[in-house]
Amino acid sequence: MPSNSGVKKAIKLGRVLANGEIAQTATWVNAGQILELIEDPNKQQKVYAYNLEIIFEDDHIAIINKPAGITVSGNKFKTIANALPHNLRKSTQPDALFIPTPVHRLDNQTSGILLIAKTKTAQIELGKQFENQTIKKKYCTIVIGEVLKDCIINFPIENKPSETSFEIIKVVKSLKYKELTCLKAFPRTGRTHQIRIHMSNIGHPILGDKLYGNTETIHKGKGLFLCASEIKFLHPKSFLQTTIKIDVPQKFNSLLAREKRRWNTYNL
């Protein structure tokens, strides 16, 4: 959202319309009025020439496979948001966004599916779906220790209700960690770092988590083992149920196979 100072500046420049007429800072806003913000023609678009994997794209939305180690958006130049114009086609719709916009976030170290709006209608509609918790996401993760049973975690985060359920995929013996468990995680709410916090709270921090784990959980050079692997939502234009899936990064299977091989070799 624009800052208060940014909105005030736009009004002074005559870029805010109220019912089709240029608004002033003294203009009263009444119920039912149509407010419009005119794009700044002098605005310079930042473009980060970084190649992304495009999973799906049409005139309304796009879905990318975000790599680990890059921030979705923010004040830095090297972000996913600034790389989108380099990778996506400009929408031909009347309400095309000046710049394609991510409609949710993934942590810097989290990889996987990221949903992008290319039109204002898509941005609003997908925002409603996230707000109503009708968008379903699935993550794959590797945590430290043996998780004994599927569970639902309801620990509040920053005094807000938070819920994550998970299912066990496999448990692998490990010389360094004793056991590692590969899980499917399903966040019902969307709190910042939710899965990472919840797994740490039950004593099974995610492998490679520098923030919520401890020094023993850091797997040098491999980063955080958390990937957004599936998303289900209604397409914002056709309203058809849409499901997108990706394979988890190769590092997940490679690590589990290596840990199992080392354990078997040591215990022969």
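Further remarks concern the overall build of the protein. Check the secondary structure of the protein and you find five helices and 13 strands. On the principal axes, the C-alpha backbone points of the protein span a range of 80 × 40 × 35 Å. Relative to its full complement of 268 residues, the protein shows a buried share of 41%. Once local pairs closer than 6 in sequence are excluded, the contacts in the protein between residues at least 24 apart make up 59%. Approximately 15,900 Å² of the protein is accessible, and the part contributed by carbon and sulfur atoms is 52%. Taking the average location of the 39 positive side-chain charges in the protein and that of its 23 negative ones, the two points are 6 Å from each other.

Burial within helix α2 (residues 80-87) is extensive, with six of its eight residues counted as buried. Restricting attention to buried positions, one finds in α2 the residues I80, A81, N82, A83, L84 and N87.

Within the open sheet, the three strands sit side by side as β2-β1-β3. Their pairing is antiparallel. Both edges of this open sheet fall to β2 (21-22) and β3 (35-37), since each of them pairs with a single strand only. In the sheet, strand β1 (residues 16-18) pairs with β2 via two bridges, with the strands oriented antiparallel. Considered in β2, the bridge of A18 is made with E21.

Turning to the side chain of K137, a few remarks are in order. The topology assignment puts K137 in strand β8 (residues 136-144). It turns out K137 is buried and unbridged, and the closest side chain with the opposite charge, D107, is 9.3 Å from it. The residues contacting K137, other than those within four sequence positions of it, are H104, F130, A185, F186, P187, E230 and I231.

Attention now goes to the packing of aromatic side chains. Taken as a whole and assessed by the stated rule, the structure comprises three aromatic pairs. Feature note: the residues Y48, Y50 and F77 constitute an aromatic cluster, connected by ring pairs. Cation over ring: K251 sits above F225, and NZ or CZ is 4.5 Å from the ring centre.

Here the focus is the nonpolar core. One finds L115, I142, L180, L207, I231, F233 and L255 to be the most contacted residues of the largest nonpolar core, which totals 27 residues. Breaking this core down by element, the ones donating at least two residues are β5 (61-66), β7 (111-119), α3 (120-131), β8, β11 (178-187), β12 (226-234) and α5 (250-266). Core analysis: the second largest hydrophobic core is formed by 26 residues, L84, L88, V143 and A228 among them.

Burial of helix α4 (residues 194-201) is extensive: six of the eight residues sit out of reach of the surface. Q194, I195, R196, I197, H198 and M199 are the residues of α4 that are buried. Phi for G203, located one or two positions after α4, is positive at around 85 degrees.

Below, the discussion takes up unusual backbone geometry. A positive phi angle, near 60 degrees, is found at Q133, a position not held by glycine. With respect to the secondary-structure elements, Q133 resides in the loop between α3 and β8.

Across all of its chains, the model carries eight salt bridges by this definition. For D209, the salt bridge goes to R196, with nearest N and O atoms at 2.8 Å. Here the residue D209 occupies a position in the loop between α4 and β12, and R196 occupies one in helix α4, the gap between them amounting to 13 residues. Neither D209 nor R196 differs from the other in exposure class; each is buried. Via salt bridges that share partners, E57, R89 and K118 belong to a single interconnected network.

Rules used throughout
Residues numbered from 1 in each chain as written. Predicted model: local features only at pLDDT ≥ 70, side-chain atom pairs only at ≥ 80, totals over all residues. Heavy atoms only, no water. Helix = DSSP H or I, 4+ residues; strand = E, 2+ residues; numbered from the N terminus. Buried < 20%, exposed > 50% of the residue type's maximum accessible area, 1.4 Å probe, protein only. Contact = heavy atoms within 4.5 Å. Areas by Shrake-Rupley, 256 points an atom, 1.4 Å probe, with all protein chains shown as cover. Lys, Arg positive; Asp, Glu negative; His and termini not counted. Charge placed at Lys NZ, Arg CZ, Asp CG, Glu CD. Pairing = 2+ DSSP bridges. Salt bridge = Lys/Arg side-chain N within 4 Å of Asp/Glu carboxyl O. Phe/Tyr/Trp six-rings, centres within 6.5 Å; stacked < 30°, edge-to-face > 60°. Lys NZ or Arg CZ within 6 Å of the ring centre and 35° of its normal. Core = buried A, V, L, I, M, F, W, Y, C linked by side-chain atoms within 4.5 Å.

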